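# Tertiary structure, described
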Number of protein chains: 8
Amino acid sequence: MDDMYIKKLLEDVKAGNIDINEATQQLKKLPYDDMGFAKIDNHRKLRKGYGEVIYCAGKTPEQNAQIFEKMLQTNSAVLGTRADEAIYEAVKARVSDAIYHEKARAITVERGEKAPLVGNIVIATGGTSDIPVAEEAAVTAEFLGNHVERLYDVGVAGIHRLLMNTDKLMDANVIIAIAGMEGALASVVAGLAACPVIAVPTSVGYGANFGGLSALLTMINSCASGIGVVNIDNGFGAGFLASMINRK
Amino acid sequence: MDDMYIKKLLEDVKAGNIDINEATQQLKKLPYDDMGFAKIDNHRKLRKGYGEVIYCAGKTPEQNAQIFEKMLQTNSAVLGTRADEAIYEAVKARVSDAIYHEKARAITVERGEKAPLVGNIVIATGGTSDIPVAEEAAVTAEFLGNHVERLYDVGVAGIHRLLMNTDKLMDANVIIAIAGMEGALASVVAGLAACPVIAVPTSVGYGANFGGLSALLTMINSCASGIGVVNIDNGFGAGFLASMINRK
Amino acid sequence: MDDMYIKKLLEDVKAGNIDINEATQQLKKLPYDDMGFAKIDNHRKLRKGYGEVIYCAGKTPEQNAQIFEKMLQTNSAVLGTRADEAIYEAVKARVSDAIYHEKARAITVERGEKAPLVGNIVIATGGTSDIPVAEEAAVTAEFLGNHVERLYDVGVAGIHRLLMNTDKLMDANVIIAIAGMEGALASVVAGLAACPVIAVPTSVGYGANFGGLSALLTMINSCASGIGVVNIDNGFGAGFLASMINRK
Amino acid sequence: MDDMYIKKLLEDVKAGNIDINEATQQLKKLPYDDMGFAKIDNHRKLRKGYGEVIYCAGKTPEQNAQIFEKMLQTNSAVLGTRADEAIYEAVKARVSDAIYHEKARAITVERGEKAPLVGNIVIATGGTSDIPVAEEAAVTAEFLGNHVERLYDVGVAGIHRLLMNTDKLMDANVIIAIAGMEGALASVVAGLAACPVIAVPTSVGYGANFGGLSALLTMINSCASGIGVVNIDNGFGAGFLASMINRK
Amino acid sequence: MDDMYIKKLLEDVKAGNIDINEATQQLKKLPYDDMGFAKIDNHRKLRKGYGEVIYCAGKTPEQNAQIFEKMLQTNSAVLGTRADEAIYEAVKARVSDAIYHEKARAITVERGEKAPLVGNIVIATGGTSDIPVAEEAAVTAEFLGNHVERLYDVGVAGIHRLLMNTDKLMDANVIIAIAGMEGALASVVAGLAACPVIAVPTSVGYGANFGGLSALLTMINSCASGIGVVNIDNGFGAGFLASMINRK
Amino acid sequence: MDDMYIKKLLEDVKAGNIDINEATQQLKKLPYDDMGFAKIDNHRKLRKGYGEVIYCAGKTPEQNAQIFEKMLQTNSAVLGTRADEAIYEAVKARVSDAIYHEKARAITVERGEKAPLVGNIVIATGGTSDIPVAEEAAVTAEFLGNHVERLYDVGVAGIHRLLMNTDKLMDANVIIAIAGMEGALASVVAGLAACPVIAVPTSVGYGANFGGLSALLTMINSCASGIGVVNIDNGFGAGFLASMINRK
Amino acid sequence: MDDMYIKKLLEDVKAGNIDINEATQQLKKLPYDDMGFAKIDNHRKLRKGYGEVIYCAGKTPEQNAQIFEKMLQTNSAVLGTRADEAIYEAVKARVSDAIYHEKARAITVERGEKAPLVGNIVIATGGTSDIPVAEEAAVTAEFLGNHVERLYDVGVAGIHRLLMNTDKLMDANVIIAIAGMEGALASVVAGLAACPVIAVPTSVGYGANFGGLSALLTMINSCASGIGVVNIDNGFGAGFLASMINRK
Amino acid sequence: MDDMYIKKLLEDVKAGNIDINEATQQLKKLPYDDMGFAKIDNHRKLRKGYGEVIYCAGKTPEQNAQIFEKMLQTNSAVLGTRADEAIYEAVKARVSDAIYHEKARAITVERGEKAPLVGNIVIATGGTSDIPVAEEAAVTAEFLGNHVERLYDVGVAGIHRLLMNTDKLMDANVIIAIAGMEGALASVVAGLAACPVIAVPTSVGYGANFGGLSALLTMINSCASGIGVVNIDNGFGAGFLASMINRK
């Protein structure tokens, strides 16, 4: 999979520097750290250009803290998402420079000098209640080196609030449109904008929103072109994908 | 239920004009025509201000034709919805002045002089494929005496087509917003307009639209106020409800 | 969008009273108050005839209190829905004349003299457990200036309770029919009444009611004509739409 | 399972009339005719009081014809449901006295003198389109020896049509309420009647009726007591259950 | 609706004993107690043979207590279902002879001499976790005067536990089959028994049981005949319907 | 992935028999035949012990015929599933010894001497309509070298038909239980048998079976242990998995 | 059902050692312990090769403790699943050698000498959050005498972690693949392995995972062959089925 | 919305070249061609960089032909999707240089010299049956000027077919991953690749795939990062979004 790695190994084999059985083993393994309850994917940075991000929910505070500590041995920056206060406390006890982003429920550790943020990602929300998801997207995108413009509470019930900001939409490299209830924001934004739109349905709403299903279906069925949809409330996924596009 | 009917009967009882057993029977019955396979609700006009409308689907062409003939004995105008060509042929064989509205899949018979159409119902569609549903609504509303303004193919993917017609929306007494796919049209219209909006999801679309469910959920969860939703593809229901509101 | 606004601006341009760049900016903006986490839509009153209503759920008590305070600078009356006691306490600390409607979970502030309530909206419920939704509708409709008649616990399991009140249904300009479980009330009411019926499914029930889905499907599929449906438990939406129709 | 059968066998064993190995085999088998593609349950009549009924759909015409022929060797009356014309033709070729009930899509063969029909089962439908399901129920119930009263097209959109027939509902031993669309008929009937109500949702309707799911959920969630629900369009199941109750 | 009531009134009218306006009013009203938040259906006993039963959930403890008190003015026995301890405490404070059935979550008040329990209703459950639903059915059926036989934990995973009790199934007038998870019990019981089976799906299980939907679908689709299904966890509904059938 | 393959290559590298660039390429490729529209997985036989099976649906008759021809160049036996008559005709034109299994909708080609069928797989169905799915499973299992015992039409509505065959269930190495409607057969079989049970829901049924969803949910939620479920109507998958278990 | 049992009884009948009535009773009963709220299936061990396992959820701690105590009178080993700490405390009070497996939420009691663990079951998880389900499977399989190899956190987002362990997959007799979110692990594992794969969807994830439905559908629809699926989060069922296959 | 357009107009107003009423009208309108049944959005090219694409399904052949003809008056290239042969025939009769892409069900007209295709979009499918969707994506992307690399039939059941093509994935600017059944391809591709992945679920499969819902849920819930999902079978949407990203 990694040509140079394989070639180097084969040259060692040819030169007799390495035993055939040993080389066979190595060809069958790529490096990952095995912590028993988790296998940290050290190879991801080579492969995808970013280190592994920790999805903190469903792991104990202590497990999360150990993973942070382990990853910081080989990474200068680590991001954890879906982290509550208890997880942050456990991480902070081991990693004193960890920062908690309360609205985004995210933990970041960034060491060394940070490069200037580049490009332009616009993050728009339908309402005030969508802000936690938007902040998860924003913190993720900023962590990955992108400039972010926040445009909150511009839902279609008062569409002039969005139309008044058309120039901001036009200046974006990529737009993240976040909305709950009926999620119509994504279609209207994609109808106006000239760049890719990442749509994030949220679970905001009640009744027949079925935990975000209504907004998800709206966005998936959009009559406007240029929209890719991520999971309900998945601010991280949107920020990550937006970064991939913006940083091209 | 109908005071005068009851009072008249009681006066006849008091005057001895009617036998008590007979009056008891009458008090227990209100008039409907029993055709065996159907009970025509002659009382509906008194009760709701309109005669019964025939939902033709699921009845044989001959059954529909008989019902038309029967109803025209006591009504000067009859509407049939969801009628295909075969049904129209059967009706026309018995009722020579029946008119077929092909796009709307509706049959109308209107005898005597028609009163001028009143008020203003705007019918907007997201796309061209929604027109059959829109025409069912339009034919229904016109049959019931309302002036109708058609505004087709103004979906949110090119939102200026709708914004350019804001004055039409502002002149309406009631708006029918018809859309398939993600159905965002209803929210945008209701955000702009000052009158009640009747939202009609359509089955237009494919994939995760699930036969119109996506548009239905969008409309039911709308963040805009002043929207009432009818069944998927139910142009008749929308036209009927719009007429009730417009004719007030 | 607002002809006079545009004409006045153009006259100023023609007269040289305003710079072209400035006018261009103004033509691209309509007024809203930007509070960072929320954009208050001051224009809505002009557009829809009512000011913005605050959906309190999903916002912090303090955010809600600030929005109330801000809106009262330009409005003499403000309504907040889905407000719990904690939100009310925060609002009251800033707005001492705020009133809490406990059953309706609503907050109202009304300053100056209130015009007499007009028209006639009948609000019927299937059972006692539907009353919170009904009260949200009633408080909304009364806040918007409508006379409301409450008709609670008239579900179809004992249909004479509803039939005994047929005259009240006949006197209504618009009826709000609220029911959970199987939600059959809306069909029966619409079968009896001569005015528009707004149907509100509620989440009351258990088992296969799926949080109100059963009642929603019932109402959307009603065999009776003249029904518009709003979201599950959406008393506010029903009250708002009823007001639009009643005040015509 | 059948005490006398077992006792008789044991007495034969004791008397040495039957070999132990043979008796063991017999105790492990109850009689059914094995036709390879079908195992006809001859024992059902003993167990349930009725012979096996043939569900014709999903079997070839020839398979159905063979099963009819086989069953008539040991039964004087056989019923087949969900049979189209092609199936009837194949059956008639082998069983010349087979009768086809077109509306009910059922085939009956009844030999010998038929006992008088007993009791009183009322079958009510919401509309004309529900009649095929109603006829399947009626033919089934009559085949099983019950008197049936048909009350078609009494849906709640014109509720007086039902109320006018309250005395019929009061005379029933059991009522079968059949309705599509929103299926509210079952609740209203059960609210009025004093006997068990079997509710049959039908697939009649369109849009959000989802092939009968809406009516099914309505009936399962009914606020009225005394209702048992069968599958969508399952007229046979309703007729069978009604017969069990009526013939007590 | 009640012939004698109407005839008596008409005779009074004829005799001049009653004013026509007054009689008109009476003909339009049947008695119910209006408590504002509830309309107690006094007529139900005449109509359905049983008094109204209180569904306690969704009402406040105090509302429930008031309804119990009110109903006991005209009834000698009252049943409340879905009652938690807090509701029972409130009822007991007003009605000292109220009895709480903990497993069934039901409250009964029975005054005067109780008639002997009649007939035979067998209540079978698939597992131990289904017992609360079974007890709600049992308490309801016993309250309504029926003899009940409990047969708990006879699910199909160890089918001989059920087969060993075939004679009990054979002795029943009606069987209530209660099961969660896949709910196969109802089909097997109906395949064995000769009487009507009322199937109650329960929410017992996890994962893809979707709160009882899996068992509901199983029971609705049963290949065995003679089954009527009630709502998920609806022990009361099953006990009520079983009583109607058993007491014939 | 294949140790010997890699070791041999490395030995060639060491011996200088192969160029390093070439070896690098080979290490990055495993053999498959690329036909443009399909990539035939020649490696599967090494990996899984069976050759690739052709899922014929969704491919044109000609595409299927070409794939058969291609695969027979390197395989002595090929199986195609979900094949209609048209596909079979196209295959037969190129592969004259292809055999069509009509009930199973499968095509087999088997060249050379066939080894005796081993072990014992019992395939049980709830009804006659499930036979096409059962035959797909049977043909698959026999193609893969397994002895199959067919036990059709033993559904739980007449459970003695199944109980009478308990010894067959006891003799099986693995049982495939196939049923539509409510799918209870799998639970009962697994409750009786001592071997693994593969459950196949079928789309047989109507109404609330939702194309097999009801049977799928039943089988997934089974209260009996030892059941693995495959997709609706997936006879091939069941036969394949059964073969894996039986041939151990 | 058990030939020798029946033959022995018949021989006793023939020899006059047993009364015919008594023998009839015995033939109709197989042994189970009736505890009122539960019927313990003592016969299961004979039938299925394993004793009954206690599903602790939905039973009170005291009920669970009594069942453990009862079963240990006739079994040397008992397993309880879905047991929280409170249940364990109650069991331990009666059964002092009960052991609690916290991650697996399981209780085991094993008396006498344990046979060596045999065969090889590989349990793979997609992530760290799936470990509780995996441990339930592992504890179950080990309790039933199988050797288990754990392979956790090898999800497809970093697929080399799985590919590096291909040899472990190749050494397995059966693999349990456990994953939430999109559940793709099962397809990839089955594509690589040569043995049966038991797929366990988990409820891990958020948004449109709908409590595990997404992973369940993925696994049921897998394009890879040789997969049987169990219920969401059903570690026990997977461990049990794997044991059946592994111990062949 | 378009600054220069507005400024120019204002300058004309200032210079008196245009009447104020007229300018007011123009400011309220942006150009679109109104064909009655369709409003062609001429402005889209300015706004989004591409002309309007015709979604042919749901429009009559003649309507489609007229729209093609109209659009070609102002565009040098037009694309129509979801076009069957009949539509193509109608278009060709009016536009003789229209080309039909049969596998993609698309019509293109391209006049003048075509610029060289740029960048690199890889389109991968799980199987052969997904090719029509893939071709719709490919034709769309090529029409919009992108270089496309096709990589068909690389599903995860034989994962080495995908792994062998890792270098192609690494060379892509954006990848479109298309799969039906369980749709696991998208996760595996996104786990391997370093660029954005657009996931397209298809309706390929049967049973519990529910018309593509299973693949949609898989892709939305993917554990891999960098994925945006479009509607089921929406090859056009994927090709369009990929073009937006690739052409940056």
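Model, not experiment: these values are computed from the prediction.

So, on to the overall build of chain A. Looking only at helices and strands, chain A has 11 helices and 11 strands in total. Sorting the 248 residues of chain A into buried and exposed places 65% on the buried side. Taken as a whole, chain A presents about 8300 Å² of accessible surface, with 51% of it coming from carbon and sulfur.

Moving on to the sheet that holds strand 4 (residues 77–81) of chain G. Ordered in space as 3-4-6-5 (chain G), the four strands form an open sheet in which the pairing is mixed. Both edges of this open sheet fall to strand 3 (54–55) and strand 5 (99–101) of chain G, since each of them pairs with a single strand only.

Next up on the list: the pairing of strand 8 (residues 146–151) of chain H. Residue and element names in this part refer to chain H. Looking at chain direction, strand 7 (residues 118–125) and strand 8 are connected through five bridges and run parallel. What sits directly across from Val122, in strand 8, is Glu149. The parallel pair strand 7 and strand 8, bridged by helix 6 (residues 131–143), forms a crossover whose chirality is right-handed.

All right, on to the domain arrangement of chain A then. Many analyses report the size of an interface as the accessible area lost when the parts associate. Residues and elements named next belong to chain A. Domain annotation for chain A reports domain 1 (3–110) and domain 2 (118–246). The interface is formed by 16 residues belonging to domain 1 together with 14 residues belonging to domain 2. In total, domain 1 and domain 2 occlude about 1300 Å² of area from one another, counting both sides; carbon and sulfur atoms represent 71% of this. Taken together, domain 1 and domain 2 are joined by two salt bridges. For Glu136, the salt bridge goes to Arg82, with nearest N and O atoms at 3.1 Å. Counting residues per element, the ones that place at least two in the side of domain 1 that touches domain 2 are strand 4 (77–81) and strand 6 (106–110). Residues of the side of domain 1 that touches domain 2, tallied by class, amount to eight nonpolar, three polar and five charged.

Below, the discussion takes up the interface of chain B and chain C. Counting residues at the interface gives 28 residues for chain B and 28 residues for chain C. Of the roughly 2600 Å² buried at the junction of chain B and chain C (both faces included), carbon and sulfur atoms supply 60%. Remark: the boundary between chain B and chain C carries zero salt bridges. Counting the contacts that link chain B with chain C gives three residue pairs in polar contact (both at pLDDT 80 or more). Elements with a minimum of two residues in the side of chain B that touches chain C: helix 3 (44–48), helix 9 (185–192), helix 10 (213–220), strand 11 (227–229) and helix 11 (235–246) of chain B. With five residues, the top contributor of residues to the side of chain B that touches chain C is helix 11 of chain B. For the side of chain B that touches chain C, the class distribution of residues is 18 nonpolar, seven polar and three charged.

So, about the relation of the copies chain B and chain C. Expressed as a screw transformation, the operator carrying chain B onto chain C has a rotation angle of 180° and an axial translation of 0.0 Å, and the superposed copies differ by an RMSD of 0.1 Å. Interpreted geometrically, this transformation is the action of a two-fold axis. Here 100% of the interface residues in chain B have copies in chain C that are interface residues too; the copies meet face to matching face.

Counting buried positions along helix 9 (residues 185–192) of chain F yields eight of eight residues, so the element is predominantly enclosed. Burial in helix 9 of chain F covers these residues: Leu185(F), Ala186(F), Ser187(F), Val188(F), Val189(F), Ala190(F), Gly191(F) and Leu192(F).

What follows is about the state of the cysteines. When the sulfur atoms of two cysteines share a covalent bond, that bond is a disulfide. Summed over all chains, the structure comprises zero disulfides over all chains. In this model Cys56(B) remains outside any disulfide bridge; the closest cysteine sulfur is found in Cys223(C), 16 Å from its own. By relative accessible area, which is 0% here, Cys56(B) ends up buried. Distance from the sulfur of Cys223(H), which forms no disulfide, to the nearest cysteine sulfur (Cys223(G)) is 15 Å.

Residue and element names in this part refer to chain D. Topologically, Ile178 is positioned in strand 9 (residues 174–179). Measuring from C-alpha to C-alpha, the distance between Ile178 and Lys168 comes to 16 Å, with 10 residues separating the pair along the chain. Contacts of Ile178, omitting those with residues within four sequence positions, involve Ile123, Ala124, Thr125, Gly126, Asp130, Val133, Ala134, Leu185, Val200 and Thr202.

With that out of the way, let us pick up the environment of Gly112(C). On the secondary structure map, Gly112(C) appears in the loop between strand 6 (106–110) and strand 7 (118–125). As a C-alpha pair, Gly112(C) and Phe210(C) span 98 residues in sequence and 44 Å in three-dimensional space.

Our focus in this paragraph is the pattern of salt bridges. Residue and element names in this part refer to chain B. Under the defined criterion, the tally for this structure stands at 79 salt bridges over all chains. Of the charged contacts in the structure, one is a salt bridge between Glu110 and Lys114, with a shortest N-O distance of 2.5 Å. Judged by relative accessible area, Glu110 falls into the partly exposed class, the value being 38%. Taking the relative accessible area as the measure of exposure, Lys114 reaches 38% and is therefore partly exposed.

Here the focus is the side chain of Thr202(H). All names here are of chain H. With respect to the helices and strands, the residue Thr202 is situated in the loop between strand 10 (197–201) and helix 10 (213–220). A polar side-chain atom of Thr202 sits 2.8 Å from a polar atom in the side chain of Asp130. A polar contact of 3.1 Å, which involves the side chain of Thr202, links it to the backbone nitrogen of Gly180. Ignoring any residue separated from it by four or fewer positions in sequence, one finds Thr202 in contact with Asp130, Val133, Ile178, Ala179, Gly180, Gly212, Ala215, Ile232 and Asp233.

Turning our attention to the pairing of strand 4 of chain A. Residue and element names in this part refer to chain A. Of all the five residues making up strand 4, four are buried; the element is thus mostly covered by neighbouring parts of the structure. Across two bridges, strand 3 (residues 54–55) lies against strand 4 in parallel orientation. Residue pairing in the sheet places Tyr55 in a bridge with Thr81 of strand 4. As a crossover connection, the stretch from strand 3 through helix 4 (residues 61–72) into strand 4 is right-handed. Sheet topology note: the strand 4/strand 6 ladder contains four bridges and is antiparallel. Note that in strand 6 the partner of Gly80 across the bridge is Ile107.

Residues and elements named next belong to chain D. An order of 3-4-6-5 is seen for the four strands of this open sheet, with the pairing classed as mixed. The sheet terminates laterally at strand 3 (54–55) and strand 5 (99–101), the two strands that pair on one side only. Summarising the sheet, strand 5 and strand 6 (residues 106–110) pair through three bridges and their orientation is antiparallel. The residue of strand 6 that forms the bridge with Tyr100 is Ile107. Lying on the sheet, helix 6 (residues 131–143) is in contact with strand 4 (77–81), strand 5 and strand 6; it crosses strand 4 at an angle near 170°.

Calculation criteria
Residues numbered from 1 in each chain as written. Chains lettered and ligands numbered in written order. Predicted model: local features only at pLDDT ≥ 70, side-chain atom pairs only at ≥ 80, totals over all residues. Heavy atoms only, no water. Helix = DSSP H or I, 4+ residues; strand = E, 2+ residues; numbered from the N terminus. Buried < 20%, exposed > 50% of the residue type's maximum accessible area, 1.4 Å probe, protein only. Areas by Shrake-Rupley, 256 points an atom, 1.4 Å probe, with all protein chains shown as cover. Pairing = 2+ DSSP bridges. Right-handed = clockwise from strand over helix to strand, strands pointing away. Domains from an automatic or database assignment. Contact = heavy atoms within 4.5 Å. Buried area = accessible area lost by both parts, 1.4 Å probe. Salt bridge = Lys/Arg side-chain N within 4 Å of Asp/Glu carboxyl O. Nonpolar A, V, L, I, M, F, W, Y, C, P; charged D, E, K, R; others polar. Polar contact = N/O pair within 3.5 Å; in protein donor to acceptor, adjacent residues only side chain to side chain. Least-squares fit on C-alpha atoms with pLDDT ≥ 70 in both. Disulfide = S-S within 2.5 Å. Axes fitted to C-alpha atoms, helices over the stretch in contact; angles between N-to-C directions.

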